[in-house]
Structure formats: structure tokens, C-alpha cells
Amino acid sequence: QEQTNHFRKVHRIYIQGSDVSKPFEDFSELSSRYGMNSTLIQNINASGYVAPTPIQMQAIPLMMERREVLACAPTGSGKTAAFLIPLIHCLGEPQKKGFRAVVVSPTRELAQQTYRECQKLSEGIGLRIHMIENVSKAVKKFGPQSSGNFDILVTTPNRLIYLLEQDPSDINLKNVEWLVVDESDKLFEDGPKGFRDQLATIYRACQSTQVRRALFSATFAYDVEQWCKLNLDNVVMVTVGAKNA
Ligand code: ADP
Ligand code: MG
């Protein structure tokens, strides 16, 4: 424990919460500790990631252990892989149950970047990753008549909300196991209630009792912290670098 605290201090990882998973130091530990698929480890190496960044050291084990998290770390610190690696691991083989993970990004551009990184990290694993390009096509692809042959959705909130608010809903999120909100500080800024309502709508559509949530952001926003304390289950908050920096 003493050693773990020292390790966190050295990497400027600050935590709040109970029974926080031990951080890891080297990607190879993910196979010994969690039996991570060797293809995924290979893809991490092929991306040129030699060692995990501090946010990855702490957020990956938490998500591997299915904890709900709020993770704050500076721009450029590798937050995308911090949530994509555990997502890809948790989903395992492709299935025909419809989306099992949803990543919400504030802009189309960011969603595209996340989509590309997700494809790279899941190469050879076969998971089907989608964005909502066009709402009328999305109805055909993901609606009630579709094959359910897809696993991960990367989207902006507006497009997803549009599909969810059709009656009956044009997209089924009942088998979603992970709901990730990227740049949550930005999304929460949009209007006094705006994104909170959207997030509640999205979460309600994720009817599985298994669903877990993770929020990532570059700044430590008081609003987001309060929301997480109130709404997440036994949340762990991770901050890298100076608080409020
Ligand atoms: P953030 O979302 O925190 O702003 P990104 O996820 O966009 O950061 O990552 C920033 C850059 O760092 C990207 O080019 C990404 O490929 C790279 N990166 C991520 N993780 C690592 C790692 N462990 N080692 C080296 N580079 C990494
Ligand atoms: Mg990012």
C-alpha cells in the first residue's frame, strides 16, 4: 500500500474513492493481471505506446475492474486510449446484440479521431465500430430491423438523442455495458441543464443493469465532480497533475 501511494505520488496521480485499483506500470502487466487478449497488447505496441501515461496507469485498472470513474488529465495525456483499451478488453469477441459500448464526444471531429484510434486498437479483434454519419441511414443500419451486428458506437450527443427520441426509438442501447463521456467538462458547459438532461436520456436508454459509466475531461470541473458524486455508483475520481491546473 505504502509502495502504491508512493508510485501514485511520483506520477502525480491523485485519487478519491474507496478500494481504488492498483495502478500498473507496464502494458505487459495487463496480460498477467487481467488476462488481456494478446492481439490487443500487440495493437497497443503497434501504436508505438511503450509505457502507459499516468492517467492510463490508474484509469485502465479501474475500468478493467468495472468501476465507475471520473478521470481528469491534461490535453494530450492519452485519455482516449485510457478508456478504449479497457472497453475493447471488456467487450471481448464481436456479438450480435447491438451496441455494447457508447462513447459520447462533444464534436464530430473528436468523434472521428476516437473512432480511428478505436479501429487501430481493435485491429484483428473484429469488433464493429460505428459513427452516426446520417440519421436516416442510421435508422436502417441500427434500427429495429437491423442485424444487431455491431459493438461500439462513437457519437456526438445530439445525433444519438435524435435517434433515441423517435417513437419507437430508432436505436437500441439495452445491451450497453459501458457508457463513456469524453471531454465531459466541455459537454457540461453547454447550457445550465442541457447536457445533464441528454446524459440522463442516454443513460435511461441503457437498460442493462450491468451498465457502467466513465467520464473523462481535461480540467477538474466542480460541476462535473458534483454530478458524478451524486449519480455514479461508488465513483472513483482520478486527477493527474496539479488539481485545478
Ligand atoms: P487526450 O485525450 O488526453 O488529450 P489523446 O488520447 O488524444 O490525449 O492522446 C494524445 C497523443 O498521445 C495521441 O497521439 C496518442 O496516440 C498518444 N498516446 C496515447 N497514449 C500513449 C502512450 N501510452 N504512449 C505514447 N503515446 C501515447
Ligand atoms: Mg481527448
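Below, the structure is looked at part by part.

The rules behind the values
- Residues numbered from 1 in each chain as written.
- Chains lettered and ligands numbered in written order.
- Predicted model: local features only at pLDDT ≥ 70, side-chain atom pairs only at ≥ 80, totals over all residues.
- Heavy atoms only, no water.
- Near = heavy atom within 4 Å.
- Polar contact = N/O pair within 3.5 Å; in protein donor to acceptor, adjacent residues only side chain to side chain.
- Areas by Shrake-Rupley, 256 points an atom, 1.4 Å probe, with all protein chains shown as cover.
- Nonpolar A, V, L, I, M, F, W, Y, C, P; charged D, E, K, R; others polar.
- Axes fitted to C-alpha atoms, helices over the stretch in contact; angles between N-to-C directions.
- Helix = DSSP H or I, 4+ residues; strand = E, 2+ residues; numbered from the N terminus.
- Parallel < 35°, antiparallel > 145°, perpendicular 65-115°, else oblique.
- Left-handed = near helix turned anticlockwise from the far one by under 90°.
- Contact = heavy atoms within 4.5 Å.
- Phe/Tyr/Trp six-rings, centres within 6.5 Å; stacked < 30°, edge-to-face > 60°.
- Lys NZ or Arg CZ within 6 Å of the ring centre and 35° of its normal.
- Buried < 20%, exposed > 50% of the residue type's maximum accessible area, 1.4 Å probe, protein only.
- Arc of directions from axis to C-beta.
- Expected span 1.5 Å × (residues − 1).

1. Quick word on the site of ligand 1
In the vicinity of ligand 1 lie 13 residues, with Tyr49, Ala51, Gly76, Lys79 and Thr80 positioned nearest. Gln56 places a side-chain nitrogen or oxygen 2.9 Å from a nitrogen atom of ligand 1. The backbone of Gly76 places a nitrogen or oxygen atom 2.6 Å from an oxygen atom of ligand 1. Calculation on ligand 1 without its partners gives an accessible area of 570 Å², and the protein chains cover 65% of this total. Along the lines of polarity and charge, the residues of the shell around ligand 1 split into five nonpolar, seven polar and one charged.

2. Quick word on the packing of helix 7 (residues 135-142) against helix 8 (residues 157-164)
Close contact between helix 7 and helix 8 brings their axes to 11 Å; oriented N to C, the two are set at 60°. By the angle class used here, helix 7 and helix 8 are oblique. The element helix 7 and its partner helix 8 pack so that their crossing is right-handed. Residues Val135, Ala138 and Val139 of helix 7 lie in contact with helix 8, whose contacting residues are Arg159, Tyr162 and Leu163. Among the residues making up the contact of helix 7 with helix 8, the classes are represented as five nonpolar, no polar and one charged.

3. Things to note about the packing of aromatic side chains
Centre distance and the angle of the planes are the two values used to describe a pair of aromatic rings. This model, assessed by the stated rule, comprises seven aromatic pairs. Directly above the aromatic system of Tyr203 lies the positively charged group of Arg213, at a separation of 3.8 Å from the ring centroid.

4. Some remarks on helix 11 (residues 222-231)
Among the residues making up helix 11, those that are buried are Val224, Glu225, Trp227 and Cys228. Projected down its long axis, helix 11 carries its buried residues within an arc of 165°, all on one side. Among the exposed residues of helix 11, those oriented more than 90 degrees off its buried face are Tyr222 and Leu230. Along its buried surface, helix 11 packs onto strand 1 (13-16), strand 2 (69-72), helix 9 (184-189), helix 10 (194-205), strand 7 (212-217) and strand 8 (236-240).

5. A word on the environment of Glu123
In this fold, Glu123 is placed in the loop between helix 6 (108-121) and strand 4 (129-131). Its relative accessible area of 54% is what places Glu123 among the exposed residues. Separated by 80 residues in the primary sequence, Glu123 and Asn43 have C-alpha atoms spaced 7.0 Å apart.

6. Description of helix 5 (residues 79-91)
Between its first and last C-alpha, helix 5 extends 19 Å over 13 residues, near the 18 Å set by a 1.5 Å rise per residue. Of all 13 residues in helix 5, 10 are buried, a share of seventy percent or more. Among the residues of helix 5, Lys79, Ala81, Ala82, Phe83, Leu84, Ile85, Pro86, Leu87, Ile88 and Leu91 are the ones counted as buried. At the C-terminal side of helix 5, Gly92 shows a positive phi close to 65°.

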